[in-house]
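An overview of the molecular structure
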Amino acid sequence: MEEKKKNKSENFFYIENFGCQMNLSDSEIVASILLKCGYQLSQKVENANLILFNSCSIRKKAEISLKKKIDELEYLRKKNGIFFGIIGCISKSNRELLDKKIDFFLNPNAYKKIPYIIRSLNQGELIKKNNILSQKETYEDILPFRFLNQEKIKTFLSITRGCNNMCTFCIVPFTRGREISRSPNSILHECHLLYKEGYKEITLLGQNVDSYKWIEPNSNHKKKIIDFSNLLRIIAENLPFMRIRFSTSNPHDMSEQVLKVIAQNKNICKHIHLPVQSGSNKILKLMNRKYTREEYLFLIEKIKSIIPECSISHDIMTGFCNENEKDHLDTIDLMNQVKYNYGYMFSYSPRPGTYAYRNLKNNVPDHIKKRRLEEIISLQRKHSLFRMKEYLGKLQEVLIERISKKSDQYWYGKNSQNLGVVFPKKNFKVGDIVHVKIKTVTSATLIGNIV
Ligand code: SF4
């Protein structure tokens, strides 16, 4: 549907997203706040008079693309009454760099300040710089305006914010603050609303969902603790027809209880994203990742014994400070032991403000980082194909998400293991759950027919 032209009195906002699922979920919270201020959502940047950049600082690349986008759109800001704002994760150094190019910054825990910001901007007032990260904000009293998934079949729901883990390479604790969990009632209430709206799948979000913790004062003054395994069970049992996913887990905090709850509840999807970052104990220590490779592999064995059909994905970083060839081979060896279904692989990018940036030398040359990254990517491709072949001839329960990019005669969806499945359409529609018999595979896709 053609977006209607803006007339002088109307206010439109546009959000340019960078980074992770947490940022996308936050954009829907910001959208909800702006709609309450009488703004309307514009899918076209040139139609908006408030342009927000939801930034990411996890790697240099993300910061470069943010700056490029702001420079690209600078011509719009020269027009009267057009305001630029940066929200999301931004490092101090990048803030200083972009200070002159935008009208305001808002950290991820300060979005309720948007009405005050808009009023001040429209009154020509300068926005006071304030980067204090609230330690209490969960936005649980704000229902996100879910505009990012047009199909309205699957969505994110944040259950915690911030992170206490302080991995030495990570900027998140500085941009998103300390961990804070939402009340289980507000989470369950939102899940029920989503179910009524026809959503089929929810991904529970947090930088580290395993450290979810809600302390419920109860009648006899004894405190009742609701941890992640309790929360998962509550949601799964209350919404038996809703597919439940969660991301991101931390190996250090993942409990056996969580694995048992996943195994006992059919509607909790059988996939765990378990970042490892490195297979070398020396590097894990330097990263302040609070587990050893032995403990990580023991957890992998536990996952496979309690949930045999579970797929496992990872995050791995090459070229961290002081990483030598033996450390790299330890990572290769760990990958060969686990044979992950898929993963996200990057080379180390020093982040200003982090412990590693201040105290550790970025001493692995770029060409070695690059070579090591290529090696683990090609190894992962082999392992992905190996794992995909395990599904040949098997029946998969698939949620239809959209038309396949390969052909409009085919649907694309995901199975419980979060693996992509492509199959001829027949007379089914987006949002249907179908059973597909797998005929062939690639390293990235299962291909089959509805039975
Ligand atoms: S667990 Fe580590 S890498 Fe993940 S968000 Fe927290 S500090 Fe960053």
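Per-chain numbering applies: the sequence of each chain, read as written, is numbered from 1 onward. pLDDT decides what is reported in this predicted model: residues at 70 or higher carry local features, side-chain atom pairs at 80 or more are listed and counted, and totals for whole chains, interfaces and linings draw on all residues regardless. Water and hydrogen atoms were dropped before computing side-chain values, which therefore reflect all heavy atoms in the structure.

Description of the sheet that holds strand β3 (residues 50–55)
- When DSSP finds two or more bridges between a pair of strands, those strands are recorded as paired. A run of H or I in DSSP counts as a helix once it spans at least four residues, and a run of E counts as a strand once it spans at least two, with each numbered from the N terminus. With respect to topology, five strands assemble into an open sheet ordered β2-β1-β3-β4-β5, the strand pairing being parallel. Both outer strands of the open sheet, β2 (40–41) and β5 (104–106), are each paired with one neighbouring strand and no more.
- Bridging between strand β1 (residues 12–17) and β3 involves five bridges; their strand directions are parallel. Its bridge partner being in β3, Phe 13 is matched across the sheet by Leu 50.
- On the sheet, helix α2 (residues 60–77) packs against β1, β3 and β4 (83–88) and is oriented at approximately 160° with respect to β4. It only takes one pair of heavy atoms within 4.5 Å for two residues to be counted as in contact. All axes are obtained by fitting lines to C-alpha atoms, using only the stretch in contact for helices, and the reported angles, taken between N-to-C directions, cover 0 to 180 degrees.

Points about the side chain of Ser 311
- Of note, Ser 311 is situated in strand β14 (residues 311–318).
- Within 3.5 Å is the distance limit for a polar contact, defined as a pair of N or O atoms, with the added protein rule that one can donate a hydrogen and the other accept it, and that residues adjacent in sequence qualify only through two side-chain atoms. Engagement of the side chain of Ser 311 in a polar contact is seen with the backbone oxygen of Gln 417, the distance being 2.7 Å.

Details of the domain arrangement of the protein
- Delimitation of the domains relies on an automatic or database domain assignment. According to the domain assignment, the protein contains domain 1 (12–122), domain 2 (154–389) and domain 3 (395–450).
- For domain 2 and domain 3, the distance between their C-alpha centroids amounts to 26 Å.
- Contacts between the two partners involve 18 residues from domain 2, matched on the other side by 18 residues from domain 3.
- Accessible area, probed at 1.4 Å, shrinks when two parts are joined; the buried area is that loss added up over both. Summing the contributions of domain 2 and of domain 3, the shared interface buries around 1500 Å²; its carbon and sulfur component is 55%.

So, the state of the cysteines
- In plain terms, two cysteine sulfur atoms within 2.5 Å form what is called a disulfide here. Using the criterion set out here, one finds zero disulfides in the structure.
- Residue Cys 310 stays outside any disulfide, its sulfur separated by 10 Å from that of Cys 269, the closest cysteine.

Let's talk about the nonpolar core
- Here the nonpolar core consists of buried residues drawn from Ala, Val, Leu, Ile, Met, Phe, Trp, Tyr and Cys, with membership extended through side-chain atoms lying within 4.5 Å. Partly exposed residues are those whose accessible area sits between 20% and 50% of the maximum for their type, while under 20% is buried and over 50% is exposed, using a 1.4 Å probe and protein chains only. Ranked by size, the top nonpolar core spans 50 residues in total, and within it Phe 228, Leu 232 and Ile 272 carry the most contacts.
- With sequence-adjacent residues up to four places away left out, Ile 272 is seen in contact with Phe 246, Met 254, Leu 259, Ile 262, Ile 303, Ile 307, Cys 310, Ser 311, Ile 312 and Ser 313.
- Phe 13, Leu 52, Ile 87 and Ile 118 belong to the second largest nonpolar core, which has 24 residues in total.

Considering the pattern of salt bridges
- We count a salt bridge whenever a side-chain nitrogen from Lys or Arg sits within 4 Å of a carboxyl oxygen from Asp or Glu. As enumerated under the stated definition, the model contains 29 salt bridges in all.
- Here Asp 26 and Arg 161 are joined by a salt bridge, their closest N and O atoms 2.9 Å apart. Residue Asp 26 is found in helix α1 (residues 21–36), and its partner Arg 161 is found in strand β7 (residues 160–161); the two are separated by 135 residues along the sequence. An identical accessibility class is assigned to Asp 26 and Arg 161; each is buried.
- For Arg 293, the salt bridge goes to Asp 333, with nearest N and O atoms at 2.5 Å. Pair noted here: Arg 293 is in helix α10 (residues 293–306) and Asp 333 is in helix α11 (residues 325–338), with a separation of 40 residues, a long-range link.
- In this structure Asp 333 comes out as partly exposed when scored by relative accessible area, which is 32%.
- Through salt bridges with shared partners, one network takes in Glu 323, Glu 325, Arg 371, Arg 372 and Glu 375.

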